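Residues per chain are reported as follows:
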Amino acid sequence: MRLTKFFLPTIKEDPTEAVVASHKLMIRSGMIRQVTAGVYSYLPLGKIVFDKVEKILREEMNAIGGNEFYLPALAPNELWAQSGRLDEYGDLIFRIKNREMVLCPTHEEIFTSIAKPNLISYKDLPQMWYQIQNKFRNEERPRAGLLRGRQFTMKDAYSFDATWEGLDESYDKQEQAYRNIFTRSGLKFFSVKAHSGAMGGSESVEFMVEAAAGEDYVAVNDDGSYAANVEVAVSIAEVTPRKDTNLAYEKFHTPNIKSIDELAEFLKVDDKSRLAKSRVFVITGEDKKDEYLLVLVRGDDEVNEAKLQTLFGGGIRPAHPEELPAISGADAGSIGPIGFKNKSVKVVADLRLQDADELVSGANENDYHIKNIDLKRDVPEIEYKDIRVVKEGEGSIDGKGNLRLVKAIEVGHIFKLGTKYAEAMGAKYLDENGKENVIIMGSYGIGVERIAASYIEQNHDENGIIWEGELAPFDVSLICVNTNKDDVVNTCEELYKELQSQGLDVLFDDRMDVRPGFKFADADLIGLPVHVIVGEKNLKDGKIEIKLRRSGDRMLVDKSDVISKVKELLNK
RNA sequence: CGGAGCGUAGCGUAGUCCGGUUAUCGCACCAGUUUUGGGAACUGGGGGUCGCAGGUUCGAAUCCUGCCGCUCCGACCA
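## Some details on the sheet that holds strand S14 (residues 250-253)
Strand order in the open sheet made by the three strands is S14-S20-S19, with antiparallel pairing throughout. Only two strands of the sheet have a single partner each, and these edge strands are S14 and strand S19 (359-362). Along the sheet, successive strands turn relative to each other by an average axial angle of 30°, direction set aside. Alignment of S19 against strand S20 (residues 368-373), held across three bridges, turns out to be antiparallel. Bridging across to S20, serine 361 finds its partner in isoleucine 370.

## Comments concerning the pairing of strand S11 (residues 216-221)
As judged from the six bridges shared by S11 and strand S23 (residues 403-418), these two strands associate in the antiparallel manner. Among the inter-strand pairings, alanine 219 is bridged to a residue of S23, identified as leucine 405. One ladder, built from three bridges, connects S11 with strand S12 (residues 227-229); its direction is antiparallel. Bridge pairing links alanine 219 to alanine 228 in S12.

## Focus on the sheet that holds strand S29 (residues 476-480)
With respect to topology, five strands assemble into an open sheet ordered S30-S29-S31-S32-S33, the strand pairing being mixed. Because the sheet does not close on itself, it has two edges, and the strands there are strand S30 (506-509) and strand S33 (554-558). When the angles between neighbouring strand axes are averaged without regard to direction, this sheet yields 25°. As defined by bridge partners, strand S32 (residues 543-548) adjoins S33 across five bridges and the pair is classed as antiparallel.

## Quick look at the confidence of the model for chain A
In this model, chain A carries a mean pLDDT of 87, and residues with pLDDT of at least 70 account for 97%. As a predicted assembly, this complex carries a pTM of 0.80 together with an ipTM value of 0.87.

## Side note on the protein's contact with RNA strand B
By nearness alone, 52 residues border RNA strand B, and Ala37, Arg279, Ala332, Gly517 and Gly535 come closest of all. Breaking the surface near RNA strand B down by element, the ones donating at least two residues are strand S15 (276-283), helix H14 (516-526), helix H15 (536-540) and S32. No other element matches the eight residues that H14 contributes to the surface near RNA strand B. Looking at side-chain class alone, the surface near RNA strand B contains 21 nonpolar, 15 polar and 16 charged residues.

## Some details on unusual backbone geometry
For the bond from leucine 125 to proline 126, the omega torsion is -5°, close enough to zero to count as cis. Structurally, the position occupied by proline 126 is in the loop between helix H5 (108-118) and strand S7 (127-136). In this model, aspartate 367 sits at a positive phi of 65°, which is unusual for a non-glycine residue. Tracing the chain through its elements places aspartate 367 in the loop between S19 and S20. By C-beta crowding, aspartate 367 is classed as partly exposed, having 16 other C-beta atoms within 10 Å. At asparagine 372, a position not held by glycine, the phi torsion is positive, near 60°. The exposure class assigned to asparagine 372 is partly exposed, which follows from the 18 C-beta atoms found within 10 Å.

Reading the values: the criteria
Residues numbered from 1 in each chain as written. Chains lettered and ligands numbered in written order. Predicted model: local features only at pLDDT ≥ 70, side-chain atom pairs only at ≥ 80, totals over all residues. Pairing = 2+ DSSP bridges. Helix = DSSP H or I, 4+ residues; strand = E, 2+ residues; numbered from the N terminus. Axes fitted to C-alpha atoms, helices over the stretch in contact; angles between N-to-C directions. pLDDT = per-residue confidence, 0-100. Near = placed C-beta within 6 Å. Nonpolar A, V, L, I, M, F, W, Y, C, P; charged D, E, K, R; others polar. Buried ≥ 20, exposed ≤ 12 C-beta atoms within 10 Å, placed from the backbone.

See below:
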C-alpha cells in the first residue's frame, strides 16, 4: 500500500481525551476515531488490524468444528423475555424506541431459537456454532477507548450437547482454542476461575491480560499455578481463635461512630479482627417479601458481593441506607447480629469468624455497639461461608507462595451454561430411548477490539506501537528518504514491487516533499516490525538500511540482499 | 447512579472570576521561495453558529436559567 493512496491520518500529540496507552496510540496512529462516548469509527489501518484478529478467530473456531453464522443485531423483546434476561439485564440493553425490539448485547437467545426447531434428535448433537458480530451494551460509563465501548465486535460461540460429558468436551476444545488464539495474537495472558454473573451456569473461566489499564483485579500466586478473579479468589487466611472467656455481652455508648476505623480508634485497638463488620441485603423475588440477609465479616476484611450473589443465585441486593432503620433498627454504622429488628433475617458470617467470641458489633440502635459477642453462644442460627475478598500477600490456597493482586483486562470468557437457556426456551431433543431431554449449552466469547487494544497495552514504547507477528497490519515500512533524487525513488519503486512479489505486505511511504524526520516518526508510531530505509547517502555505496522497530537495531545491507534479509528478519 | 472537570477554527488552547475595538496563540491547511537522514525556515493567505436554547443588558465567549455532549474518579464496605 502506498501512503499517498492510503487514508492514514496520524497525530503528533496525545489526544486530551485519551488516558490509556492503547487508546492514545490507536487514535494517534490513525486506527480509530471517536464518534461519541464508547462508540468508534474504525479507519483503514484499524480495520486491517481487527480483520487480522478475526482471521485468527475464524481459523481456530473452524479448527474445532465451528460453523460460522451471522445473526442480526436486532431482536424482538419477546425473545429476550423468554429467557428472562430482558429484565435481568435492565438498562444494559439498548431498547428501540419505535418498535418492541432490542439491540442484542449477546446472542444466546437467537442461537437457542435456531437450535430449538433444528436440533431435535441426539443424532443432531453435538454442534459448535459461532459468529463474529457487533454487540451493543449500554454501559453506564464507557472508558479507555476500545477497552469498554457501547458497540464492539465479539466472537461468540455456542456449543449444544446431549450430555454433561459432551459439554465438558466442547468446553475443553474451546479452552484450548482460546489458548491458541491468545498465543497467536502475541498476548501474555493467563486464565482465571470467574464469577458467572448474569450469564448463569456452573463453571466459567476468564482469560486475562495483565495491564495497568485493566478494570479487573486478579489474584495470582508467585508461580502462576493459582489465578482467580478477586470476585471468586480464595486464600489461606487464619480463623479468628476463640478466647473462651465466656463474658456476657454488653451494650455500650459509641457516639458518632460510623465506621470500623472510627470504632477501632474509639476502642484504642489496632487489631480489627474482633470488630465485626455488618452489611444488610434484601432477598429479592416475588415470594421473598420482607426477608433479609445480615452479612458479617471481620473488621479487617471486605465483603465480597460477587461471592454472595453466587451463594444466593443472584437474588439479593444491598439495602438502601434509608431502608436500614426500618429493617435493622439503626442506621449504617450501628448494625449487628444481636437485636436485629426484623426477625425474618438470615445471618451469614465469613469462615474466618467461625464460632468466634469477644466480638464487637453494632447494637441495631444508633450510637450503640455491643461487646463480648460470642457467635456460637449468642447467634445460634448463623451460617458460615466464604464471603470475603482475598488480600495481597495471603497464602495461595494450593500452598504455593503468596497472592499478588494485579490489574488485568478480560479478553475472553467461557461458560458452561448448562440448561438455563435451553430450559427457558424449550430447546429439547429425543435421546436413543425416545425420551425428551433439555439440550446442554456452553457459551464462549472473545472481544475482537480488546485483543488488539491489549496487544498495544503490552507492546508499545514512547514512540508508538510495536507490531510483530500475526496482528501487524503490514510487514514492512518502506521509507523513501530523498524524494528529489531519481535513483532513490526508482530504487524504492523496485523494492516495493519485489517485496510484494515475495508475499510481503508493504506500507510504502512514497509521499513527496515530506521531510525524513516526519516519515521516521510516523513509521515508529505505526510501528511495523521492519523498516526499510532508502536514502541517497547509503545508496551511493549500494547499501540500504534496515531497522527493527522493537529493538531499534539498524543494519546496512547490499541492495541485492534486502529482500532475503527482510524475509529472514520476519521469519517469512 | 454519586462526585469532579471540561465544551472557543481540523487538533491543542488564551480570554470567562471583574461584560466593552475586528476573539488569542501554536500545530495543521492553501500559495510562493529556499530547504531535504529524526516531526524545516521565511513571506503571504483561508478558516469561528465561542456546545444549544432562553434571559439580563445600550452591549454577552464572559452574567443568570434550563438543556445537550465529552472526560476522569468512585460504587452503598455500616
